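Listed here are the chains, written in short residue letters.
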2 protein chains.
Amino acid sequence: MEDWKAYVEDLGKAARRASAQLATLDGAAKVRVLRHIADAIRKQKSALIEANGKDIAAAQQADLAPALVERLKLNDKRIESMAEGVEQIAGQTDPVGQILEGYVRPNGLRIQKLRVPIGVVLFFYESRPNVTSDAAALCLKSGNAIILRGGKEAFHSNRAIVGIIGTALKEAAIDPAAVQLVESTDRALVPALLKLDRYIDLVIPRGGESLIRAVIKESTIPVLKHFTGNCHIYIDAATGQMEQKVRQICVNAKTSYPGGAVCNAVEHLLFHKQAAPRLLAKVCEDLAAKGVEIRGDERTGALYPQAKPATDADWDTEYLSFVVGIKVVDSLDEAVAHINEHGSRHTDAILTEDIAAAHSFVLRVDSASVIVNASTRFADGGEYGLGAEIGISTDKLHARGPMGASDLTTYKWVVTGDGQVR
Amino acid sequence: MEDWKAYVEDLGKAARRASAQLATLDGAAKVRVLRHIADAIRKQKSALIEANGKDIAAAQQADLAPALVERLKLNDKRIESMAEGVEQIAGQTDPVGQILEGYVRPNGLRIQKLRVPIGVVLFFYESRPNVTSDAAALCLKSGNAIILRGGKEAFHSNRAIVGIIGTALKEAAIDPAAVQLVESTDRALVPALLKLDRYIDLVIPRGGESLIRAVIKESTIPVLKHFTGNCHIYIDAATGQMEQKVRQICVNAKTSYPGGAVCNAVEHLLFHKQAAPRLLAKVCEDLAAKGVEIRGDERTGALYPQAKPATDADWDTEYLSFVVGIKVVDSLDEAVAHINEHGSRHTDAILTEDIAAAHSFVLRVDSASVIVNASTRFADGGEYGLGAEIGISTDKLHARGPMGASDLTTYKWVVTGDGQVR
């Protein structure tokens, strides 16, 4: 444990030192090094595939589920797509240096809010190796140093990727400590990492709920959470002319991602009692045809007897699989109250032809993304046009919903005078 | 303890319920109720002075320092100024409902970032009773419910102020739980309060460092810290034509607030070795003439022998009194490194005629406010034109530096489609 303390302290110090250099790099230098990283990823393809092979072999030996092994795998196509991801981030507008506000006070003081990097980011994530290059590129673009703590399944792949990035940084005369991987997957070092508030400015945990809870409990560094997505679609009374759209959106929101294992998939459908007789059974049939298990309240069972009865626990559950919970509600008010009580403030949608209902839902549902007449699956950095995302914040502070490069910045007040005193 | 748990749970639930109403209030209704509160404060002047009398009597009995008793005191003038503070906040632009960004995606989805209230704020603060009405008014203006936990010295005054606000809210048909005071100053209930992450979205502790550390340790709710202000002024080599300005700014930054007991007072002066022979002794004489104790490094002692020798601990100290630490540095780089190592990221200034030095200092000093050629004392919500402030954040996330009403908001993504699926 004492060893870990010294090790993580060194990581933190080195990251802090690198962040001072990154904060003063001009935009062109950042674009150049990101393109250089993309090229290096392509050139080192065989080394990456070799390192990845060790992870795959270990995963198969450990009897990991085939779907998880598949997520872990690097091949020509995935490596090309990693390189393209880095190039895409390189091409984005540089958020650093933007003047967010600027004005002159009556005493002549010129006041500006200048967008600057946050400093040092500590990022926890799980198995897909492309997240490593995406996160590193987003942090470099926004002028931050990053300490990466990936899943143990992808350890060799991550080490190879970070090695390539480090070499590219050195060749560009940038401190390679700008992108560091925690070189151990021992859980014992995590508490020590989370106490480095002297060196680290922000922790982003992206993973299972137990990981996130543990991080919040241990951390003296501010945390941006990426919690569960217990997402809802409310089908309003005013849906008389939109049967096809309702059916398509519900099926898309539940089933368009393989296995439904994604945070913006819908987990619960709420039908207004006037819409339910028209639409509930049809939507259930569409979903059942895709292999979705349906759990419903009593009124759902009356309209679609094949539904399994839902229990109280269902309403608070993010299934992350082909299961959906369905409830018939008396009013928009009941739907809003249900979502604010049982939802996870991630993404919730209303399907309606009524402008007043849409307005009321948007104003009153307290979620990061509130969607009118479209699939919840759009709640995503790419779909919102942010380029790559480092996570989807379910917090309300700093950044909410999909987070891109500009969400990895803060501002400083720059005040320029000519001798003013107060 | 179990009693506190139920009590604070009720506070949290009621605040959450009130916040749902506040989020949908239109701007005019908020202006009306704030003006009504200002009127009520004026009308209830004698009741306020009577309640305040109990606090004053208790403070005198407890032998509180006369300066602290003075801060606690309400009189006609201070009550009028409380009412004016609320009116001023009423007159500010409403931050809620602003569209921060808005665009259409290629698939026709209309995407907006809509500014909305955060929800429920828990606010810890100390003795001045006007902070109670300021904080309540800022939260109402920004559509948030607030739970106030004031210092025990001001308990009766705070209860009277919150009582007046509650009556005014009721008369306007607004849930009085929008502004609640914790009706006990028992420290034992604090940990229970800080676990109410289901109901409270943000904790702002404003007070001593030990309070803030305790809050960070206990809280499962995100915290915006208002830490110490170990502020610096660096006097650059290029100050040949600005002797008067340097002297005035240094004296103003140290002594313009009574006793120097304010977070934006300067604590340390760093003189470039080329400026020191010209300016150091003169600045020290000006400060000494105001009663400031001077502690310096060796090179300071050589130029101003009356200086006491500074110890290593001095550089990390926020004196909050008429003491200043002085160091001679070899370069701008050394000044920047010293500030980033020993400062508290609150406010730091450079005095220089050299545009390149100013630019480099602004970019590299990692503080909430970076000031060129003016007093550090300007780092203040009022001076920056924000109207009242709820605190000065020394955090880098969400809000940095002086925080006004718009810093008590977040945003939601509002996505409007016409049947789009992904």
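Residues numbered from 1 in each chain as written. Chains lettered and ligands numbered in written order. Predicted model: local features only at pLDDT ≥ 70, side-chain atom pairs only at ≥ 80, totals over all residues.

**Notes on the overall build of chain A**
Within chain A, the regular secondary structure consists of 14 helices and 16 strands. On C-alpha atoms alone, chain A measures out to a radius of gyration of 24 Å, which is about the 22 Å that the 2.2 N^0.38 rule sets for 422 residues. Dimensions of chain A along its principal axes, counting C-alpha atoms only, are 70 × 70 × 40 Å. Residue pairs at least 24 apart in sequence account for 72% of intrachain contacts in chain A once pairs closer than 6 positions are excluded. (Helix = DSSP H or I, 4+ residues; strand = E, 2+ residues; numbered from the N terminus. Rg over C-alpha atoms; globule rule 2.2 N^0.38 Å. Contact = placed C-beta atoms within 7 Å.)

**Some words on the domain arrangement of chain A**
When the domains of chain A are assigned, the result is domain 1 (2-227 + 398-416) and domain 2 (231-383). Considered class by class, the residues forming the side of domain 1 of chain A that touches domain 2 of chain A number three nonpolar, two polar and one charged. (Domains from an automatic or database assignment. Nonpolar A, V, L, I, M, F, W, Y, C, P; charged D, E, K, R; others polar.)

**Examining helix 14 (residues 355-364) of chain B**
Inspection of helix 14 of chain B places B:Ala357, B:Ala358, B:Phe361 and B:Val362 among the buried residues, and these make up the whole buried set. The buried residues of helix 14 of chain B occupy an angular sector of 130° when the element is viewed end-on, so they sit on one face. Facing away from the buried side of helix 14 of chain B, by more than 90 degrees, are the exposed residues B:Ile355, B:Ala356 and B:His359. Buried residues belonging to helix 14 of chain B abut strand 16 (409-420) of chain A together with strand 7 (231-235), helix 13 (332-342), strand 12 (347-351) and strand 13 (369-374) of chain B. (Buried ≥ 20, exposed ≤ 12 C-beta atoms within 10 Å, placed from the backbone. Arc of directions from axis to C-beta.)

**What to know about the interface of chain A and chain B**
Each partner contributes to the interface: chain A provides 56 residues, whereas chain B provides 56 residues. Looking at which element gives the most residues to the side of chain A that touches chain B, the answer is strand 16 of chain A, with eleven residues. In terms of residue class, the side of chain A that touches chain B is made up of 25 nonpolar, 18 polar and 13 charged. Pairing of strand 16 of chain A with strand 13 of chain B, which is carried by five bridges, proceeds in the parallel orientation. Following the sheet pairing, A:Thr416 is matched in strand 13 of chain B by B:Val372. (Pairing = 2+ DSSP bridges.)

**Focus: the environment of B:Tyr7**
Structurally, the position occupied by B:Tyr7 is in helix 1 (residues 2-22). Counting along the chain gives 185 residues from B:Tyr7 to B:Ala192, while the straight-line C-alpha distance between them is 9.4 Å.

**Here's the deal with the relation of the copies chain A and chain B**
If you rotate chain A by 180° and push it 0.0 Å along the axis, it lands on chain B with an RMSD of 0.0 Å. Interpreted geometrically, this transformation is the action of a two-fold axis. Using C-alpha coordinates, one finds that chain A approaches the rotation axis most closely at A:His398, a distance of 1.8 Å. Mapped onto chain B, 100% of the interface residues of chain A again fall at the interface, so both copies present the same surface. (Least-squares fit on C-alpha atoms with pLDDT ≥ 70 in both.)

**Here we look at the sheet that holds strand 1 (residues 99-104) of chain A**
Here ten strands make up an open sheet; going across it, the order is 1(A)-2(A)-16(A)-13(B)-12(B)-7(B)-8(B)-11(B)-9(B)-10(B) and the pairing mixed. Each having just a single partner strand, strand 1 of chain A together with strand 10 (308-309) of chain B make up the two edges of the open sheet. Together, strand 16 of chain A together with strand 7, strand 12 and strand 13 of chain B form the strand contacts of helix 14 of chain B, whose direction differs from that of strand 13 of chain B by roughly 160°. (Axes fitted to C-alpha atoms, helices over the stretch in contact; angles between N-to-C directions.)

**Re the packing of helix 5 (residues 76-90) of chain B against helix 6 (residues 130-141) of chain B**
If you want to describe how two helices pack, look at the angle between their axes and the distance between the axes. Residue and element names in this part refer to chain B. Running from N to C, helix 5 and helix 6 point in directions that differ by 15°, and their axes come no closer than 9 Å. The orientation of helix 5 relative to helix 6 falls into the category roughly parallel. The handedness of the crossing between helix 5 and helix 6 is right-handed. Residues Arg-78, Ser-81, Met-82, Gly-85, Val-86 and Ile-89 of helix 5 touch helix 6, and the partners they reach there are Asn-130, Ser-133, Asp-134, Ala-137, Leu-138 and Lys-141. Of the residues contributing to the contact of helix 5 with helix 6, the split by class is five nonpolar, four polar and three charged. (Parallel < 35°, antiparallel > 145°, perpendicular 65-115°, else oblique. Left-handed = near helix turned anticlockwise from the far one by under 90°.)

**Things to note about the sheet that holds strand 5 (residues 179-181) of chain B**
Residues and elements named next belong to chain B. One open sheet holds the four strands; their spatial order is 5-4-3-6, and the pairing between them is parallel. Each edge of the open sheet is held by one strand with a lone partner, namely strand 5 and strand 6 (202-205). Mean inter-strand twist for the sheet, computed between neighbouring axes without regard to direction, equals 20°. Judged from the three bridges that link them, strand 4 (residues 145-149) and strand 5 form a sheet pairing that is parallel. Bridged to Ile-146 within strand 5 is Val-179. In this fold helix 7 (residues 155-171) packs onto strand 4 and strand 5, with an angle of close to 155° to the strand it touches most, strand 5. Running over the sheet, helix 9 (residues 209-218) touches strand 3 (120-124) and strand 6 and is turned about 160° from strand 6.

**Here's the deal with the confidence of the model for chain A**
Taken as a whole, chain A shows an average pLDDT of 95; of its residues, 100% reach a score of 70 or greater. In the model output, the complex is listed with pTM 0.93 alongside ipTM 0.93. (pLDDT = per-residue confidence, 0-100.)

**Topic: the packing of helix 2 (residues 27-43) of chain B against helix 7 of chain B**
Residue and element names in this part refer to chain B. Direction vectors running N to C along helix 2 and helix 7 enclose 135°, while the axes themselves pass 9 Å from each other. When the axis of helix 2 is compared with that of helix 7, the two are oblique. Crossing angle aside, the handedness with which helix 2 passes helix 7 is right-handed. Contact residues: helix 2 offers Val-33, His-36, Ile-37, Ala-40 and Ile-41, while helix 7 offers Ile-164, Ile-165, Thr-167, Ala-168, Leu-169 and Glu-171. Split into classes, the residues belonging to the contact of helix 2 with helix 7 amount to eight nonpolar, two polar and one charged.

**Some remarks on the pairing of strand 12 (residues 347-351) of chain A**
Residue and element names in this part refer to chain A. With five of five residues buried, strand 12 lies mostly within the body of the structure. The side-chain alternation of strand 12 yields two buried faces, one formed by Thr-347, Ala-349 and Leu-351 and the other by Asp-348 and Ile-350. Bridge analysis of strand 12 against strand 13 (residues 369-374) gives four bridges, and the strand direction is parallel. From the neighbouring strand, Thr-347 faces strand 13, where its bridge partner is Ser-369. In this fold, the crossover linking strand 12 to strand 13 by way of helix 14 (residues 355-364) has right-handed handedness. (Right-handed = clockwise from strand over helix to strand, strands pointing away.)

**A few points about the pairing of strand 16 (residues 409-420) of chain B**
Sheet topology note: the strand 2 (residues 110-117) of chain B/strand 16 of chain B ladder contains eight bridges and is antiparallel. Residue pairing for strand 16 of chain B: B:Pro117 is matched across the bridge by B:Thr409.

**What to know about the environment of A:Lys13**
The topology assignment puts A:Lys13 in helix 1 (residues 2-22). For the pair A:Lys13 and A:Gln248, spaced 235 residues apart in the sequence, the C-alpha separation amounts to 52 Å.

**Let's talk about unusual backbone geometry**
Look at A:Ala173: it is not a glycine, yet its phi comes out positive at around 60°. With respect to the helices, strands and loops of the structure, A:Ala173 is situated in the loop between helix 7 (155-171) and strand 5 (179-181).

**As for the environment of B:Ala192**
Counting through the fold element by element, B:Ala192 comes out in helix 8 (residues 190-193). Residues in contact with B:Ala192, not counting those within four places in the same chain, are B:Trp4, B:Lys5 and B:Val8.

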